[in-house]
Amino acid sequence: MDELTFAQALSNVLDMAPEIWQASLETGLMLAIGLTTAILLGGPLGVLLYLTQPGQLFAHRAVNGVLGWLVNLVRSFPFIILMVSLVPLTRVLVGSTIGPIAAAVPLSFAAIPYFARLVEQTLREIPRGVVEAAEAMGASPAQIIFKVLINEARAGLISSLTILTISFLSYSAVAGVVGGGGIGDLAIRYGYYRFQTEVMVAMVLLLVVIVQIIQLVGNRLAARLDKR
Amino acid sequence: MIHLKNVHKRFKKPDGGWFDAVRDTTLHIKEGEIFGLIGFSGAGKSTLLRLINLLERPDSGAVNVEGQDLTALSARELRRARQNIGMVFQQFNLMANRTVADNVAFPLEIAGWSHAEIDQRVAECLDIVGLADRAGHYPTQLSGGQKQRVGIARALAPRPHVILADEPTSALDPKTTQSILDCLQDINARFGVTVVIVTHEMHVVRSICHRAALLDAGEVVETLLVDNKTVAATSALAKSLLEAA
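Here the structure is a predicted model, which means the values were calculated and not measured.

A.B. asks: Before we move on, can you summarise the packing of helix α7 (residues 128–136) of chain A against helix α8 (residues 141–152) of chain A with the specific residues and values?
C.D. replies: All names here are of chain A. Where α7 meets α8, the closest approach of the two axes is 11 Å, and the angle between their N-to-C directions is 160°. On the basis of the axis angle, α7 is roughly antiparallel to α8. Remark: the crossing between α7 and α8 carries right-handed chirality. Contact residues: V130, V131, A134 and E135 in α7; I144, V148 and E152 in α8.

The following block contains the structure:
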């Protein structure tokens, strides 16, 4: 590779600003879809995993066992294998296997059990007595879930969501390799296939900054919500 | 008021055997009295208390509170009945992410009270327990005694006819203990709320109870009468507890 001055590298990267912006939007879209699905489906699944444990409100050994087994099953797949396995499903759901929306299918699929486990762990931190007090006061299961469990675990749930977001920022880069687009895809295409190392470095730096920001915002929000 | 008839409750032990926490026990608690359940740990007193609001369901026997057979109720009806039975806990069990006022408001929220009614009642109850100036604080900012006052205000909020107190002073120092007992006695005297209190200390019985059941190995050994802060007792177990106090 030719010697490259810093100024030249910077100029090369700046020339790509539109592509970088586009890639960032694609990453954002993949994450938004994956995280929304995780919250909407993984969240309730996590609550169910928690509530069906022995000694909890809906203690049920068989249901808990089956759910736990399914969650472990999906989580066992290396993400790249899961992506490839889900190609037929993606084609049915999205009509294509290329692009950020198609990539969001396996991302969502992986995010659901991941977030479910995080939610389950977080809910376990709530003292049993607090839930029992609500039961003694005549709270319904729905009231216990929404007014007690989620509210008491809110700081932990935000921290869980922060972990999920950062993990899936990384997963979305993997999804990029299989035509998903996004920041990771850009880094691979220019940085690796075209030997433009400066683009790869710039993309990694961009990811570093994004991760730091997500963690900072997550920490701040969790600290503000935590009154324990 | 509260009638437990031949209630029996057993738990499965980790080794697969059974532990009879409450054995075929019958108990009648009168309206407006402060009734103690006293005994050593493992005597079954907390389980007996928790049978009254069906936090534990008896394996056999009947639980009757204010003429209602609780074991025969549907889940919805039981929730409604529980709104009339307040409960106070040893570990307070307050919600850490709710302010003092919002903790007291909780039972009213779930009972469907309006915002205006809730605000008024919460202020009243915090006033009764002497915590009006702590309404906006969070539980971590309070002392143990203050937390228990919040617990009492919360139990009192829906105007229950019964308050169940499970070792309410066992996590507190002696001075705070007395102030909490005074608070419960005050509520009993002013509002006629029937109070059932679990304790392992004869001091608690002597200080505020009208009557108490002495429990051992899941059975009532003796019903103690308290008159002018003296406990009349005949059993050896009661005497040993009296000497310890």
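A.B. asks: Any details on the UniProt feature "domain: ABC transmembrane type-1" (unreviewed entry) in chain A? Residues and values, ideally.
C.D. replies: Mapped onto this numbering, the UniProt entry gives "domain: ABC transmembrane type-1" (unreviewed entry) at residues 24–218 of chain A. This span, residues 24–218 of chain A, is 85% helix and 0% strand, and a straight line between its end C-alpha atoms measures 20 Å.

A.B. asks: Explain the pairing of strand β1 (residues 2–12) of chain B to me, using residue names and the numbers behind them.
C.D. replies: Residue and element names in this part refer to chain B. In this sheet, strand β2 (residues 18–29) lies alongside β1 in antiparallel orientation, the contact comprising eight bridges. Bridge assignment links I2 to a residue of β2, and that residue is I29. Examined bridge by bridge, β1 and strand β4 (residues 60–65) share five bridges and lie antiparallel to one another. Bridging from a neighbouring strand, K5 pairs with A62 of β4.

A.B. asks: Describe the UniProt feature "transmembrane region" (unreviewed entry) in chain A, with residues and values.
C.D. replies: The UniProt entry lists residues 29–51, 63–87, 93–116, 155–179 and 199–218 of chain A under the feature "transmembrane region" (unreviewed entry), expressed in the numbering used here. With 88% helix and 0% strand, residues 63–87 of chain A has its two end C-alpha atoms placed 29 Å apart.

A.B. asks: I'd like a rundown of helix α3 (residues 61–76) of chain A, residues and numbers included.
C.D. replies: Under the 1.5 Å per step criterion, the end-to-end length of α3(A) is 22 Å for 16 residues, consistent within 8% with the ideal 22 Å. Counting buried residues along α3(A), only one of its 16 residues qualify, which leaves the element largely exposed.

A.B. asks: Please set out the sheet that holds β2(B) residue by residue, giving values where relevant.
C.D. replies: All names here are of chain B. The sheet built from four strands is open, its strands ordered β2-β1-β4-β5 with antiparallel pairing. The sheet terminates laterally at β2 and β5 (68–69), the two strands that pair on one side only. Bridge analysis of β4 against β5 gives two bridges, and the strand direction is antiparallel. Counted as the bridge partner of N64 is D69 from β5.

A.B. asks: Please set out the environment of B:R149 residue by residue, giving values where relevant.
C.D. replies: All names here are of chain B. Here R149 lies in helix α5 (residues 144–156). Along the backbone, R149 and A244 are 95 residues apart, and their C-alpha atoms lie at a distance of 28 Å. Aside from chain neighbours lying at most four places away, what touches R149 is V129, G130, L131 and C183.

A.B. asks: Give a description of the sheet that holds strand β8 (residues 194–199) of chain B that names residues and reports values.
C.D. replies: Residue and element names in this part refer to chain B. Taken together, seven strands build an open sheet; the order of strands is β6-β7-β8-β3-β9-β10-β11 and the sheet is mixed. Of all the strands in the sheet, just β6 (85–88) and β11 (230–232) have a single pairing partner and so form its edges. Sheet twist, expressed as the mean angle between neighbouring strand axes with direction ignored, is 20°. As defined by bridge partners, strand β10 (residues 219–227) adjoins β11 across three bridges and the pair is classed as antiparallel. Within β11, the position partnered with D227 by the bridge is T230. Strands β3 (34–38), β7 (162–166), β8 and β9 (211–216) of the sheet are contacted by helix α1 (residues 45–52), whose axis makes an angle of about 155° with β8.

Quick notes on the rules
Residues numbered from 1 in each chain as written. Chains lettered and ligands numbered in written order. Predicted model: local features only at pLDDT ≥ 70, side-chain atom pairs only at ≥ 80, totals over all residues. Axes fitted to C-alpha atoms, helices over the stretch in contact; angles between N-to-C directions. Helix = DSSP H or I, 4+ residues; strand = E, 2+ residues; numbered from the N terminus. Parallel < 35°, antiparallel > 145°, perpendicular 65-115°, else oblique. Left-handed = near helix turned anticlockwise from the far one by under 90°. Contact = placed C-beta atoms within 7 Å. UniProt positions renumbered as here; feature names shortened; annotations may be inferred. Pairing = 2+ DSSP bridges. Expected span 1.5 Å × (residues − 1). Buried ≥ 20, exposed ≤ 12 C-beta atoms within 10 Å, placed from the backbone.

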